[in-house]
Amino acid sequence: MRQTWRWFGPVDKVTLADARQAGAEGIVTALHHIAPGAIWPVAEIEQRQREVAAHPDGPPAGLAWEVVESLPVSEAIKTQSGDWRGDLDRYAESIANLAACGIRTVCYNFMPVLDWTRTDLRAPTAAGGAAMVFDLIDFAAFDMYILRRTGARDDYRRAVIDAAAERFTAMSGERKAELAANVTAGLPGAAEHWTLDDVRAKLADYRGIDAGRLRRHHVDFLEAMAPVAETQGVRLCCHPDDPPWPLLGLPRVWSTADDVRHAFDAVSSQAIGLTLCTGSFGARADNDLAAIVREFGPRIHFVHLRNVTRAADAVPCSFAEDEHLAGQTDMVAVIGALLEEERRRKAEGRADWEIPMRPDHGHEILDDAARGSQPGYPAIGRLKGLAELRGIMTALEANHAAA
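Presented here is an overview of the structure given in this document.

Procedures and definitions
- Residues numbered from 1 in each chain as written.
- Predicted model: local features only at pLDDT ≥ 70, side-chain atom pairs only at ≥ 80, totals over all residues.
- Heavy atoms only, no water.
- Buried < 20%, exposed > 50% of the residue type's maximum accessible area, 1.4 Å probe, protein only.
- Helix = DSSP H or I, 4+ residues; strand = E, 2+ residues; numbered from the N terminus.
- Arc of directions from axis to C-beta.
- Polar contact = N/O pair within 3.5 Å; in protein donor to acceptor, adjacent residues only side chain to side chain.
- Pairing = 2+ DSSP bridges.
- Axes fitted to C-alpha atoms, helices over the stretch in contact; angles between N-to-C directions.
- Contact = heavy atoms within 4.5 Å.

**Side note on helix α12 (residues 289-296)**
And step 1. Of all the positions in α12, only Leu289, Ala290, Ile292, Val293 and Phe296 are classed as buried. Seen end-on, α12 carries its buried residues on one side only, within an arc spanning 160 degrees.
And step 2. N-cap assignment for α12: the residue whose side-chain oxygen lies 3.3 Å from the backbone N of alanine 290 is aspartate 288.

Structure, rendered in structure tokens:
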């Protein structure tokens, strides 16, 4: 697999030199300053390509922008409200502009209102580092007592409601503010930053939109983008819901193999694919990651490798980001299935036989905390993860060659 590294642009505290020293072969980035629904101009894309290609002081970085993460889908498209058809046209133009600049793998998500959600961005680990955590009790406390969403209690089990009430009562004012900020953090590096009132307003936009309707809206989006992606030679790949279950009374439609199967059956284009995220899918015990690779392998266009440890096998549940080779996902089995898919593609003569992957998230260890990087994206923690994943790939490929 192609070993890539997420970079948030010139403001990123983790530099391109860090990425190169970690062993990255390519860069995953985006035009984070451009709001959803707006066109990504060629000039802006080329500027970011130049920033990736050279260090700030001039020498070549030895890297290139290879994957877009993410080209955001606007809330108007998800709800099919306002100027959503105009947003579709602008999204298509952005895809064409990226292709004109030679960038042909584009990751996006279709999560309503909140993108990835955590209740703790830097929770202490047993080894002395820090990791991101989704605590269901804390989230329920936020939902019921901070956001004060109407009907929130109906979405939780009695035991969760009781525990959330007790937890909230014991929370300091500082922790309540921190929890609200963590839950509403949104996409790393995104142009949008929402207040609680913003979230309440966005929730109102989804009244009457259940899982079936949101699923139809996603298929409508894919049907509109498929001919554009095919014409431009672009691979469009959806990232799983994170966490992979409904939040705040909102439906989620990209959480399980059934969700992926439904969309792929509706839109058969090879240009429409999946971003396999082992952490997102792995937060559900009923997702078999290796089986997902085997079933959808030909349409996996991008891979995030990370691991989580679930507090329970219930859906929903609390979980913590774990080390890349710890947690409850069998990373060896998943990587083995991905390498087999690459060999199959290569035998078919596919030009895109090599699948780009990146080490997703990572614990803050050693002096990561002092750097102040984006939550989940420390330098040393990801370096450690990439080294471990590279070791698995090297061993499996050596075993295959010897067989």
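**Some details on the sheet that holds strand β2 (residues 26-29)**
Backbone hydrogen bonds hold the strands of a sheet together, and the pairing may be parallel or antiparallel.
And step 1. One closed barrel holds the 8 strands; their spatial order is β1-β2-β3-β4-β7-β8-β9-β12, and the pairing between them is parallel. Between one strand axis and the next, the sheet turns through 30 degrees on average, direction left out of account.
And step 2. As paired elements, strand β9 (residues 300-305) and strand β12 (residues 356-359) share 3 bridges and run parallel to each other. Within β12, the residue paired with leucine 305 across the bridge is proline 359.
And step 3. Seen against the sheet, helix α13 (residues 331-348) touches β8 (272-277) and β9 and runs at an angle of roughly 155 degrees to β9.

**Quick look at the sheet that holds strand β5 (residues 120-124)**
And step 1. Pairing is antiparallel in the open sheet, where 4 strands are placed in the order β5-β6-β11-β10. Of all the strands in the sheet, the pair left with one neighbour each is β5 and β10 (307-310). Going from strand to strand, the sheet's axes swing by 40 degrees on average, the running direction of each strand aside.
And step 2. The sheet contact formed by strand β6 (residues 130-134) and strand β11 (residues 319-322) spans 2 bridges and is antiparallel. By the bridge assignment for β11, valine 133 is matched with alanine 320.

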